[in-house]
Every structure is written in C-alpha cells, then in structure tokens.
Amino acid sequence: MPKIANRQMPAGMRYFFTQLCFIVVRNYFQCKVSNFKQLMRRDGHIFITLHHLFGYATPLPCAACHVHLPPLKLGLWLLFKSIKGYAMIQEYDSYIFDLDGTLLDTLTDLAASCNYALQKFDFPQRTIDEVRMFVGNGVKKLMERAIPEGLENPQFDAVYQCFREHYLEHGLDHTSPYPGILAMLAELKRRGKHIAVVSNKFYKATEELCNHFFGQYVAVAIGEREGINKKPAPDTVLEALSQLGVTAENAVYVGDSDVDIATARNCNMPCISVLWGFRDRDFLLRSGATTFISSPEELLA
C-alpha cells in the first residue's frame, strides 16, 4: 500500500467522514448528542479528535493530551476518551433521584442559612465554594464542617438549631429546579415510570421542597430522620423502593456526588452522575463514577 504523507483529505470528503463518525458514535453509544456544537461543548477532545483523524496524515503532538502518536491511532484514542462516560444510557422502570445538586439548585439558600447561624454566634462565615464541598452528607455534617472544631464546639447544638430554623423559613428564597428538570420528570411520569427522591437533607425540608416543586411527579420523598441510616447506607433507597412497590431490578440511582455513587453501589444499582451539580467530572471519576449526563434530557433514553 503506498504511503500517504503530508496530504490532507479534501474538504468535502473530510466533512462527510466527520458527520459519519458522529452518527456512528452517537447511535452506537446512545450519547444523545444532536449536533456538532453540543458534542464539542461536552468534551473538548472531540475537536482534537477530528483534527487528528481527518486533518493530517503525519504524526502530530497533541498539546491537550501530551502524547505524540500517528494521526489515526491518536484520533481513535481521543475518540475513545471523548465518549467515555457518556455511553449506554438506557431506559429504566424506576428512577431514584438525589435532591440537592441533582434536581434542585439549593446551594445559595444553604450557604445563606449556614452563614446566618455562624454570624449570629460570632464564627467566621464560609464562602459558597466551601459550602459546596461541605454538602452531601446531610445538613448536620454540613454544619459540623462549617463550625470551628465541629462537634467538639460547645455551641454546636445551638448553632445547628439556628441553621435549621433559618433554613426552614428561607429554604425557598433562591432555590429552584435546574433547567430541564421539570420537563424530564414530566416525560418520565408520562411513560409510567416510578419516581422517588432520597436525600440526606432533614425529612421535613425534603418533603416540603418536593411537594412544592415536584408534587405531581414524585410519588415518594425520603429525607434524613431518626431510626434509619442515611446515605450512603442503602436503607433510605430501599425504603423508597418499598414505598413505590417495586424492587431494585431495572431501577437506577441518579445523583451528583461521591455519596450518591457509593449509595448506588451499596444498593447494587447502576448510578448515573449528573454534571450540573455540586461536584465536577474529575471529582466524580475519582469517586468511581462510570456514566454521566450533562443535561436532564439525556436521561430520556
């Protein structure tokens, strides 16, 4: 076979193979990507992939990946990296959702109540990015992380109670569903799916938020309460499945954190990690995430 060197594929043919590549990858891996721009937004490696697959026939270094491979091998390797984590979104019978960072953007109200309580007791306030990393294990753990010396602080109980009272009164000030959430839940409901919410937020707040925003879609909402182990223990998820009248078979857990990944694992359920929540993709990958979605409509197989 003659060796090709220093030649580019004609523009028309390059465009044709580019589109063909996207169609094959999208359909085979069910990535739910509708156009070129959306795919590039999902992972910058896509552009580099096409650059190496169709732009050149000589080896080129890839600055983004710090490798130096022949273009076809490099292109295929980058293509694998680009689709990794976006594959195999299938349809399930039952959907168990985390609340904060998954269905609702609650961060501003959580931070406001946290800082209200801290300020009232003359403790240093926390930034919103600090609060972002404190959430996920329940509001008591949030305040334990926020208050100097945590549980060892003699004023912990008073500060925690102050937080709870303020949050119950102001938990809806800025909280709202993420874009696309209501439409996604409506479609799951239309398809006859079983939908529940399981949160480490205290029970009363979980019920009030779910009733306020998702009352017509969510059949079961379970929060932290006495007598049942919170996530990542499987207890609250198993309780939700029981109340729905279903089993874990063909059920999926959807969340935004490492706690959610561990919860799904402990329930022997698949986990879909969302990328619009409180943790980024790299953090979730380090925590064992395998499947990602970057918008709610991608959950609709």
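Keep in mind that what you see is a predicted model, and the values were worked out from it rather than measured.

Colleague: Sorry, what's going on with the sheet that holds strand S6 (residues 194-202) here?
Modeller: Judged by pairing direction, the sheet is parallel, and its six strands sit side by side in the order S7-S6-S3-S8-S9-S10 without closing on themselves. One side of each edge strand has no neighbouring strand; the edge strands of this open sheet are strand S7 (220-224) and strand S10 (292-293). Summarising the sheet, S6 and S7 pair through four bridges and their orientation is parallel. Across the sheet, the residue bridging to valine 197 is alanine 221, located in S7. This element, helix H9 (residues 181-190), spans strand S3 (94-97) and S6 of the sheet and lies at about 150° to S3.

Colleague: Would you take a moment to explain the packing of aromatic side chains for this structure?
Modeller: The way to describe two aromatic rings as a pair is by their centre distance and the angle between their planes. This model, assessed by the stated rule, comprises seven aromatic pairs. Summarising the aromatic geometry, the rings of tyrosine 167 and phenylalanine 202 are spaced 6.3 Å apart at their centres and angled 75° between planes, so their arrangement reads as edge-to-face. Taken together, the positions of tyrosine 167 in helix H8 (residues 156-170) and phenylalanine 202 in strand S6 put the pair 35 residues apart, joining distant regions of the chain. With respect to class, tyrosine 167 is no different from phenylalanine 202; both count as buried. An aromatic cluster is present here, built from Tyr92, Tyr95 and Phe97 joined pairwise through their rings. Lying across the ring of phenylalanine 202, arginine 164 places its NZ or CZ 4.3 Å from the centre.

Colleague: Would you take a moment to explain the confidence of the model for the protein for this structure?
Modeller: Detailed reading of predicted coordinates is not advised where the pLDDT is low. Across the protein, pLDDT averages 81, with 71% of residues at or above 70. Taken together, the stretch residues 26-69 has pLDDT below 50 and engages in 97 contacts with residues farther than four places along the chain or on a different chain. When the criterion is pLDDT under 50, residues 81-87 qualifies, and its contacts beyond four places in sequence or with other chains add up to 22 contacts.

Each value, and the rule that gives it
- Residues numbered from 1 in each chain as written.
- Predicted model: local features only at pLDDT ≥ 70, side-chain atom pairs only at ≥ 80, totals over all residues.
- Heavy atoms only, no water.
- Pairing = 2+ DSSP bridges.
- Helix = DSSP H or I, 4+ residues; strand = E, 2+ residues; numbered from the N terminus.
- Contact = heavy atoms within 4.5 Å.
- Axes fitted to C-alpha atoms, helices over the stretch in contact; angles between N-to-C directions.
- Phe/Tyr/Trp six-rings, centres within 6.5 Å; stacked < 30°, edge-to-face > 60°.
- Buried < 20%, exposed > 50% of the residue type's maximum accessible area, 1.4 Å probe, protein only.
- Lys NZ or Arg CZ within 6 Å of the ring centre and 35° of its normal.
- pLDDT = per-residue confidence, 0-100.

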